[in-house]
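Close look at the chain arrangement
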Amino acid sequence: MTPTKTNADAYLRMYRQMVRIRAFEDQANSLYLSAKMPGLTHMYSGQEAVAVGICEALTRDDKITSTHRGHGHCVAKGAEFKEMFCELLGRAEGYCGGKGGSMHIADQSNGNLGANAIVGGSMGIATGAALSAKRLGRKDVAVCFFGDGATAQGLLYEVMNMAALWNLPVIYACENNGYSEYTKTAEIAAGSLTARAEAFGIEAFKVDGQDVLAVNELAQKLVARCRKGEGPFFVQLDTYRYHGHHVGDINREYYRSKEEEALWKTERDPILNFGRWLTAEGLATADELAALDADVKVDAEAAVAYALAAPFPDAAQVGRHVFTDMIVA
């Protein structure tokens, strides 16, 4: 992608979105460590270029499904900090009324059909959304985010088979961060990940998931082809998670080294590298990026303070959206 001044706004928006994800995760991690947030959460830090690169190619009406590591997808698709932190803290103003929490957050107003605590659990939902769009004659595209570990789930092969048969407008985005929980991907996935899709006649691609421009360029092409009826597609995005499998996974040396983590953080960080590119191309100064970083941090801190003071749901809400009054004869 050739940098131009006319693209500056789009580039800076992508940079800001990645910074927003990192800031959100830093605050979420702090909430957990200070025992202010119930339950566990799974940090997306390090993988920001994947969510932003793809979601910047989508419209608000396009749909995504997410994973247990889903905050980044939610932010990239347009979610606001206040409602997200309220959800994580179980407050009434959260996107799911405080009842979904970290692993079930959804924002249907921006096309986010929801995160899913079941590994690979949202694959059917994304494929169903694509089928719905095609049956209704809409041009919407669905993107299914999932990790490398989810390629071991049988549901993926069922839905890829259907999507291929019916030429559905869906993109299966496999975030290969190198580890399935605490096990290296190479030890749980035989053969190549892209070959799994190619077995169904689905075009598969592999891209550097730390390069937001490379991700976005590919995503734009595939989204445009989906709108023309040329889907489905499969993309392997090679990336890295900075934290453990979840926030409680602190001592990771038994399955990956500190040297490996440090290498990715210093040499392969998607935000740092994109920021360096922006300054090298004259699209922003280091001071301008630093000011942007600071503004986002202030926004995140203010949203946390707001959420901590926000009210919990009324007890009468506990059964809403859970039970039904339908009587089965």
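Heads up: the structure comes first, above all this text.
Residues numbered from 1 in each chain as written. Predicted model: local features only at pLDDT ≥ 70, side-chain atom pairs only at ≥ 80, totals over all residues. Heavy atoms only, no water.

We now examine the layout of surface pockets. Approximately 340 Å³ is the volume found for the largest pocket. Residue lining of the largest pocket: 27 residues in total, with His68, Arg69, Val119, Gly147 and Gly149 positioned closest to the centre. When contributions to the lining of the largest pocket are tallied by element, the ones reaching two or more residues are strand S2 (142–147) and strand S4 (179–180). At three residues, the largest contribution of residues to the lining of the largest pocket is made by S2. Here the residues of the lining of the largest pocket sort into eight nonpolar, 14 polar and five charged. By volume, the second largest pocket amounts to about 270 Å³. The leading source of residues in the lining of the second largest pocket is helix H1 (residues 8–33), at six residues. Of the residues that constitute the lining of the second largest pocket, the class distribution is five nonpolar, three polar and five charged. (1 Å grid on protein atoms, 1.4 Å probe; cavity = no way out; pocket = protein on both sides within 12 Å on 5 of 7 lines; lining within 4 Å. Points joined across faces, edges and corners; volume = space filled by probe spheres on them. Helix = DSSP H or I, 4+ residues; strand = E, 2+ residues; numbered from the N terminus. Nonpolar A, V, L, I, M, F, W, Y, C, P; charged D, E, K, R; others polar.)

Where helix H5 (residues 123–135) contacts helix H6 (residues 154–166), the two axes come as close as 9 Å, and the packing angle between them is 15 degrees. It follows that H5 is roughly parallel to H6 by the angle criterion. In the packing of H5 onto H6, the handedness of the crossing is left-handed. Contacts between H5 and H6 involve Met123, Gly124, Thr127, Leu131 and Lys134 from the former and Leu155, Leu156, Val159, Ala163 and Trp166 from the latter. (Axes fitted to C-alpha atoms, helices over the stretch in contact; angles between N-to-C directions. Parallel < 35°, antiparallel > 145°, perpendicular 65-115°, else oblique. Left-handed = near helix turned anticlockwise from the far one by under 90°. Contact = heavy atoms within 4.5 Å.)

Here we take up the sheet that holds strand S6 (residues 203–208). One open sheet accounts for five strands, arranged S1-S2-S3-S7-S6; its pairing is parallel. At either margin of the open sheet sits one strand with a lone partner, and together these are strand S1 (63–65) and S6. Across the sheet, the axes of successive neighbouring strands diverge by a mean angle of 20 degrees, strand direction being ignored. Pairing of S2 with strand S3 (residues 170–176) involves six bridges; the strand directions are parallel. Residue pairing in the sheet places phenylalanine 146 in a bridge with cysteine 174 of S3. Those strands touched by H6 are S2, S3 and strand S7 (233–238), and its axis lies near 145 degrees from that of S3. (Pairing = 2+ DSSP bridges.)

Moving on, we get to the packing of aromatic side chains. In the structure shown here, the tally under the stated rule is 13 aromatic pairs. Pairing tyrosine 15 with phenylalanine 274 gives two aromatic rings, centres 6.5 Å apart and planes at 40 degrees, and the pair type is tilted. In this pair, tyrosine 15 sits in helix H1 while phenylalanine 274 sits in helix H10 (residues 270–280), placing the two residues 259 residues apart along the sequence. Overall, tyrosine 15 belongs to the buried group, its relative accessible area being 4%. Geometry around phenylalanine 81 places arginine 20 over its ring, the cationic atom sitting 4.4 Å from the centre. (Phe/Tyr/Trp six-rings, centres within 6.5 Å; stacked < 30°, edge-to-face > 60°. Buried < 20%, exposed > 50% of the residue type's maximum accessible area, 1.4 Å probe, protein only. Lys NZ or Arg CZ within 6 Å of the ring centre and 35° of its normal.)

With seven of its seven residues buried, S3 lies for the most part within the structure. Residue alternation in S3 divides its side chains into two sets, Val170, Tyr172, Cys174 and Asn176 and Ile171, Ala173 and Glu175, and both sets are buried. Where the polypeptide runs from S2 across H6 and back to S3, its parallel neighbour, the crossover connection is right-handed. Examined bridge by bridge, S3 and S7 share six bridges and lie parallel to one another. What sits directly across from asparagine 176, in S7, is aspartate 238. (Right-handed = clockwise from strand over helix to strand, strands pointing away.)

With that out of the way, let us pick up empty space enclosed by the protein. Counted by the stated rule, this structure contains one cavity of 30 Å³ or more. Quantified by volume, the largest cavity comes out at close to 60 Å³. Looking at the lining of the largest cavity element by element, the count peaks at four residues for helix H8 (residues 212–227). Among the residues making up the lining of the largest cavity, the classes are represented as nine nonpolar, no polar and no charged.

Honestly, that's just the spatial picture; any functional story needs more than this.
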